[in-house]
Amino acid sequence: MIETPLLEIKGLTVEFPSLRETVIAVGNVDITIGSQERVGIVGESGSGKSTLAMASMGLLRAPGHIARGAISFKGQDLATGNLDDQRKRRRRNMAMVYQDPFTYLNPLMRIGDQVAESIAVGRKRRKPEVKAAVVQVLEELGLTPGKQIARKYPHQLSGGQRQRVVLAMALVGEPALVIADEPTTALDVTVQAQILRILSQSISSRGAALLLISHDLEVVRLLCDRIYVMKNGEVVESGLTSNILENPQHPYTRQLLVSSRREDLLASSVPHWERGGSNEPA
Amino acid sequence: MKGTLLFLLHRLMWAVLVCLVAVVLIFLLIRVAPGDPIGVLAGEQATPEYQDRLREQLGLNEPVLTQLWLYLGALLQGDLGYSFAYSQPVSSLIASRVFPTLLLMGVTLIVAVIIGVWVGAWAAVKRDSPVFRGTSILAVIAYSLPAFWVGQLLVLAFGVRLGWFPTIGMSSIRSLEGWDLILDIAWHLAMPVATLAAAEVALISRLTESAMREVMESDYIVAAKGKGLSQRQIVYRHGLRNAMLPVITVVGLELGWLVAGFVVVETVFSWPGLGTLTFNAIQARDFPVITGLFIVITVSVVLANLLTDLIYLIVDPRIRID
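Cut-offs and rules
Residues numbered from 1 in each chain as written. Chains lettered and ligands numbered in written order. Predicted model: local features only at pLDDT ≥ 70, side-chain atom pairs only at ≥ 80, totals over all residues. Heavy atoms only, no water. Helix = DSSP H or I, 4+ residues; strand = E, 2+ residues; numbered from the N terminus. Rg over C-alpha atoms; globule rule 2.2 N^0.38 Å. Buried < 20%, exposed > 50% of the residue type's maximum accessible area, 1.4 Å probe, protein only. Contact = heavy atoms within 4.5 Å. Areas by Shrake-Rupley, 256 points an atom, 1.4 Å probe, with all protein chains shown as cover. Lys, Arg positive; Asp, Glu negative; His and termini not counted. Charge placed at Lys NZ, Arg CZ, Asp CG, Glu CD. Core = buried A, V, L, I, M, F, W, Y, C linked by side-chain atoms within 4.5 Å. 1 Å grid on protein atoms, 1.4 Å probe; cavity = no way out; pocket = protein on both sides within 12 Å on 5 of 7 lines; lining within 4 Å. Points joined across faces, edges and corners; volume = space filled by probe spheres on them. Buried area = accessible area lost by both parts, 1.4 Å probe. Salt bridge = Lys/Arg side-chain N within 4 Å of Asp/Glu carboxyl O. Pairing = 2+ DSSP bridges. Axes fitted to C-alpha atoms, helices over the stretch in contact; angles between N-to-C directions. Patch = residues over 30% accessible without salt bridge, like charges linked within 9 Å, V, L, I, M, F, W, Y side chains within 5 Å. Parallel < 35°, antiparallel > 145°, perpendicular 65-115°, else oblique. Nonpolar A, V, L, I, M, F, W, Y, C, P; charged D, E, K, R; others polar. pLDDT = per-residue confidence, 0-100.

A.B. asks: Can you tell me about the overall build of chain A, naming the residues and giving the values?
C.D. replies: What chain A contains, in helices and strands, is ten helices and ten strands. Computed over C-alpha atoms, the radius of gyration of chain A comes to 19 Å, within 12% of the 19 Å expected from 2.2 N^0.38 for 282 residues, which places it in the range of a compact globule. Projected onto its principal axes, the C-alpha positions of chain A cover 50 × 50 × 45 Å. For chain A, buried positions account for 53% of its 282 residues. Look at the contacts in chain A between residues 6 or more apart in sequence, and 69% of them connect residues 24 or more apart. Roughly 13,100 Å² of accessible area belongs to chain A as shown, and the carbon and sulfur atoms make up 48% of that amount. A distance of 8 Å separates the average location of the 34 positive side-chain charges in chain A from that of its 30 negative side-chain charges.

Put into structure tokens, the structure is as follows:
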């Protein structure tokens, strides 16, 4: 199907050893993402989808570690060597959009500096050039005027604005692959749709690939070409989004589908996409 | 900005009030403490008539509250009284001793903060390294040792036995100028600073380590790693600045404790500062000097706390009120 995968994960097993027992958070998972492809990973909390994302980025928290398996980016191995070197190989090729915009931004650092770090890392670039790129990406993501926002601190922004900053940190380095780990879970329902729309647009305009982690099948249906369904650390089903949603094979997938439809009914009769308000508090 | 100024003004008002209450308490406490300066000044053979005359001369026969009132009035004009023992105004006596103490305190603080923060930060990051595990144990030991004992050991080892460092005073008797004088003072500073800084380094490194451990677990550190920043960048740019907040608070409070350390260490090394003056004044029951010194110390501690608030405002943008 895909000739040269951008990201290839083979037989990945992530373990969290403790004194009593070793928890296998991800067990023998295979995933491939082609360039410009949009892939979703769905599953309930505890299914290992976030751990998979963190492992791909080399950001597992101790004592979690990759026990077996391989991760490669354009054929280059990412899972061996020490963690610092691994992360150096990833930088600017892969970037992550984190779940909680309230905790993933450094409270003592100006927005502009936090975004600039992602461009300047590992290469020499002149300051005005970096500043201009930061302002440009902030404005592209609807944070206007970019110059003023760049001078602010995280606590001076709303949740939706902060998540746009997190998005800017990921996009400003022009990565080939963006991994988004539940990018809207921490936000108000009204803001969720906006963030998803901006995420989708900015990925398309850059020709980047997207790996979207979500528990919300509806979100994945709107954004992704293919889906992996995860349960208890394993992939139970995968395929094209339309096939999976119309003709789920695994009972767990069917269960997820039913519960997401029920959520939708409960939430509102307005289609999900339209639920977000267009104006956000500044 | 306006809110921040109001906040500072508010703190300043409190600081003045605290100083005022402290002055009254210090004055009264010293008067009710046992020991009569007249006995020390007049000598054991003095006749009661002479003692009475002396008491009247020094204003010690007035009721305590009257004395307090007179003292406060004089204080407002910058007059701290007249030393019984040194026969000169207390204010000029104290002023002549301020520089050596400020020098000792400043150098101690700078040395202690630089070493303590560096050791603490890397001990938190390189948790598994045996070197930094060793520093944690060393810190507990250093913090537990009394300063007078450490000081005397240093005098014995490096001053008397090895003869590397001078054991007395702030400078040599030879008259020196320029760089030679500065080097000479630095040479004299080495041991008192080492004595005072040992416990401070221990405290600051332990504090930094625990704060840093917590910070390094935060999500924004994960995000910094995700950007592919080097470990040095993560530690200094993202980690340390956040970990400094609790350390700043404690170092500010610690200044009060440092004063107690100065009395001991200056006495051990015969450093010509406020600490030695305090020790001598207490031995001589020199009330005006003791009162003046305590007031100066109180005001310095209050000022140090104000400064801590100010530094906090600079470091943490979240508490700047818009």
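A.B. asks: Can you explain the nonpolar core? Please cite residues and give values.
C.D. replies: Among soluble globular proteins, nonpolar side chains are generally buried collectively. If you look at the biggest cluster of nonpolar residues, it comprises 82 residues, and the most contacted ones within it are Leu52, Tyr98, Val115, Leu138, Leu177 and Leu212 of chain A. Discounting residues that sit within four places of it in the chain, tyrosine 98 of chain A has contacts with Met54, Leu59, Tyr104, Gln163, Val166, Asp181 and Pro183 of chain A together with Val222, Ala223 and Gly226 of chain B.

A.B. asks: Which residues make up the layout of surface pockets, and what values go with them?
C.D. replies: As a volume, the largest pocket reaches approximately 890 Å³. As for the largest pocket, its lining consists of 32 residues, of which Leu60, Ala62, Leu83 and Arg87 of chain A together with Lys225 of chain B are closest to the centre. Listing elements by their share of the lining of the largest pocket, those giving two or more residues are strand S4 (65-73) and helix H2 (83-90) of chain A together with helix H5 (90-125), helix H8 (178-216), helix H9 (219-226) and helix H10 (231-268) of chain B. In terms of residues, the lining of the largest pocket owes the most to one element, H2 of chain A, which gives five residues.

A.B. asks: Outline the interface of chain A and chain B, supporting the account with residue identities and numerical values.
C.D. replies: Listed by partner, the interface residues are 24 residues for chain A and 23 residues for chain B. The contact between chain A and chain B buries some 2,200 Å² in all, and 55% of this surface belongs to carbon and sulfur atoms. Looking only at chain A, the three residues that lose the most surface to chain B are Arg61, Leu108 and Glu117 of chain A, adding up to 30% of its buried area. Counting across the chain A and chain B interface gives four salt bridges. Between glutamate 117 of chain A and lysine 227 of chain B there is a salt bridge, with the nearest N and O atoms lying 2.9 Å from each other.

A.B. asks: Any chance you could break down the sheet that holds strand S1 (residues 7-17) of chain A for me, citing the residues and the numbers?
C.D. replies: Where strands meet in a sheet, backbone hydrogen bonds hold them as pairs that are either parallel or antiparallel. Residues and elements named next belong to chain A. A sheet is described by the order of its strands in space; here four strands give the open sequence S2-S1-S4-S5, paired in antiparallel fashion. Unpaired on one side and paired on the other, strand S2 (22-33) and strand S5 (76-77) mark the two borders of the sheet. In this sheet, S5 lies alongside S4 in antiparallel orientation, the contact comprising two bridges. Directly across from serine 72, in S5, lies its bridge partner aspartate 77.

A.B. asks: Pulling in residues and values, what's your account of the pattern of salt bridges?
C.D. replies: One pass over the structure, following the stated rule, counts 14 salt bridges over all chains. The partner of lysine 10 of chain A in a salt bridge is glutamate 8 of chain A, with the nearest N and O atoms 3.9 Å apart. We classify glutamate 8 of chain A as partly exposed; its relative accessible area is 23%. When the shortest N-O distance is used, the salt bridge between aspartate 316 of chain B and arginine 318 of chain B registers 3.0 Å. A relative accessible area of 38% places arginine 318 of chain B in the partly exposed class. Through salt bridges with shared partners, a single network forms among Arg61 of chain A together with Glu217 and Asp219 of chain B.

A.B. asks: Residue-level account of the sheet that holds strand S7 (residues 177-181) of chain A, with values.
C.D. replies: Residue and element names in this part refer to chain A. An order of S6-S7-S8-S3-S9-S10 is seen for the six strands of this open sheet, with the pairing classed as mixed. The open sheet has two edge strands with one neighbour each: strand S6 (94-97) and strand S10 (234-240). Strand-to-strand, the axes of this sheet are offset by a mean angle of 15°, without reference to chain direction. One ladder, built from six bridges, connects strand S9 (residues 226-231) with S10; its direction is antiparallel. Each residue of the ladder has a partner; that of arginine 226, found in S10, is leucine 240.

A.B. asks: Let's hear about the pairing of S6 of chain A: which residues, and what values?
C.D. replies: If a strand is regular, its side chains alternate between the two faces of the sheet. Residues and elements named next belong to chain A. Alternating residues of S6 divide into Met94 and Met96 and Ala95 and Val97, and every residue in both groups is buried. Relative to S7, S6 is paired through four bridges, and the arrangement is parallel. In the sheet register, valine 97 faces S7, and the bridge partner there is alanine 180.

A.B. asks: Which residues make up a positive patch on the surface, and what values do they have?
C.D. replies: Residue and element names in this part refer to chain A. Side chains of Lys127, Lys131, Lys147 and Arg151 sit close together on the surface and give a patch of like positive charge. Where the positive patch is concerned, the elements lending two or more residues are helix H4 (127-140) and helix H5 (146-151). Residue position: lysine 131 is located in helix H4.

A.B. asks: Go over empty space enclosed by the protein, please, and point to the residues and values.
C.D. replies: Unfilled space is identified by rolling a water-sized probe across the atoms. Scanning the entire structure with this criterion turns up one cavity of 30 Å³ or more. Here the largest cavity defines a volume of roughly 150 Å³. Taken together, 16 residues line the largest cavity, and the ones lying closest to its centre are Ala95, Ser118 and Met169 of chain A together with Gly226 and Lys227 of chain B. Looking at the lining of the largest cavity, the elements with two or more residues in it are S6 and helix H6 (159-171) of chain A together with H9 of chain B.

A.B. asks: I'd love a proper account of the packing of H10 of chain B against helix H11 (residues 274-283) of chain B, names of residues and values included.
C.D. replies: Each pair of packed helices can be described by the angle between their axes along with the distance between the axes. All names here are of chain B. The interhelical angle for the contact between H10 and H11, taken along N-to-C directions, is 90°, at an axis separation of 7 Å. Judged on the interaxial angle alone, H11 and H10 are roughly perpendicular. Seen from H10, the contacting residues are Phe262, Val263, Glu266 and Thr267; seen from H11, they are Leu274, Gly275, Thr276, Thr278 and Phe279. Its residues assigned to classes, the contact of H10 with H11 shows four nonpolar, four polar and one charged.

A.B. asks: So what about the confidence of the model for chain B? Which residues, and what values?
C.D. replies: Mean pLDDT over chain B: 85, with 99% of residues reaching 70 or higher. Model confidence for chain B, summarised as mean pLDDT per element, is weakest for helix H2 (residues 37-42) of chain B at 72 and strongest for H9 of chain B at 93.

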